[in-house]
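Each chain is listed here by its residues.
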Amino acid sequence: MTSPDIDAPLGLLVSGGLDSGILLGHLLEQGRVVQPFYVRKGLFWETDEQRALEKLLTHFSGPRLRPLVVFDLPLTDVYGDHWSVHGRAVPGADSPDEAVYLPGRNALLLIKPAVWCRLNGVQELALAPLGSNPFPDAGPDFFAAFETTLNLAVGGRLRIVRPFAQLHKRDVMQLGRRFPLELTFSCISPQAGLHCGRCNKCGERRQAFRVIDAADPTRYAQ
Ligand SMILES: [Zn+2]
């Protein structure tokens, strides 16, 4: 693979959670010009998530970080009576990771940013799935096929890159521990703007700090 042109902007799908937040800081430290994208799907936690993301972007602001582009891609009509829409019976901290699978998530997340990149001359689009991600749309087969399909659909040669694809949570947390991780947000059942402390994603978040023996700076509602 040829090394990227460091001055060429790179698109980044960022939710503001630990993984994508750390990837943002990492790419900026590498000197990349980053164009962040947030896809608003109409899901239960997004108001709090987006608010947190804006604080994180303010922390990292500088000449190499471009202004956030927000896309609307409402999924409430597709997901219907799903916990991600109404916020009831959200998978708890002891639920398996599979419980928080959002059907079609990565295909849906990628499509608008990919078209934007095509229209704006951006040739790389990054996202932060880890090697340990269990979902079918987070593995190399999906991304290779989707990249081919996108380029057939819109022309051009957009590359989908996953810098953390070979890493596990511990590696990513070690990479990001010097960043202000209290500014990241990863709860699917927030309470008054705080992490609930009880959902699957809060459980994963607590565990992430535990695996690197770091104090968890998060303010949990419970
Ligand atoms: Zn939570």
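Since the model is a prediction, treat every value here as computed from it, not as a measurement.

Ranked by internal contacts, the top residues of the largest apolar core, which has 28 residues, are Leu12, Leu24 and Met173. The set of elements that each furnish at least two residues to this core consists of strand E1 (9–13), helix H1 (18–29), strand E2 (33–40), helix H2 (46–59), helix H7 (169–176) and helix H8 (200–211). Aside from chain neighbours lying at most four places away, what touches leucine 24 is Leu12, Val34, Leu56, Leu57, Phe60 and Leu65. Residues Phe37, Phe71, Val122 and Phe143 belong to the second largest nonpolar core, which totals 19 residues.

Attention shifts here to the packing of aromatic side chains. Per the stated rule, a full pass over the model turns up seven aromatic pairs. Look at phenylalanine 37 and tryptophan 116: their rings are 5.2 Å apart centre to centre, the planes differ by 70°, and that puts the pair in the edge-to-face class. A residue pair is termed long-range when its members are at least 10 positions apart, and phenylalanine 37 in strand E2 and tryptophan 116 in helix H5 (residues 105–119) qualify at 79 residues. Consider the rings of phenylalanine 142 and phenylalanine 143, whose centres lie 5.1 Å apart with planes at 75°: the pair is edge-to-face. Note on accessibility: phenylalanine 142 and phenylalanine 143 belong to one class, buried. These aromatic residues form a ring-pair network of at least three members: Phe37, Phe71 and Trp116.

Pairing is parallel in the open sheet, where five strands are placed in the order E3-E2-E1-E4-E5. The outermost strands of the open sheet, each flanked by one partner alone, are strand E3 (69–72) and strand E5 (159–161). Ignoring which end each strand starts from, the neighbouring axes of this sheet average 30° apart. Bridge count for E1 against strand E4 (residues 124–126) is two bridges, and the pairing is parallel. Paired with leucine 12 across the bridge in E4 is alanine 126.

How each quantity is defined
- Residues numbered from 1 in each chain as written.
- Predicted model: local features only at pLDDT ≥ 70, side-chain atom pairs only at ≥ 80, totals over all residues.
- Heavy atoms only, no water.
- Core = buried A, V, L, I, M, F, W, Y, C linked by side-chain atoms within 4.5 Å.
- Buried < 20%, exposed > 50% of the residue type's maximum accessible area, 1.4 Å probe, protein only.
- Helix = DSSP H or I, 4+ residues; strand = E, 2+ residues; numbered from the N terminus.
- Contact = heavy atoms within 4.5 Å.
- Phe/Tyr/Trp six-rings, centres within 6.5 Å; stacked < 30°, edge-to-face > 60°.
- Pairing = 2+ DSSP bridges.
- Axes fitted to C-alpha atoms, helices over the stretch in contact; angles between N-to-C directions.

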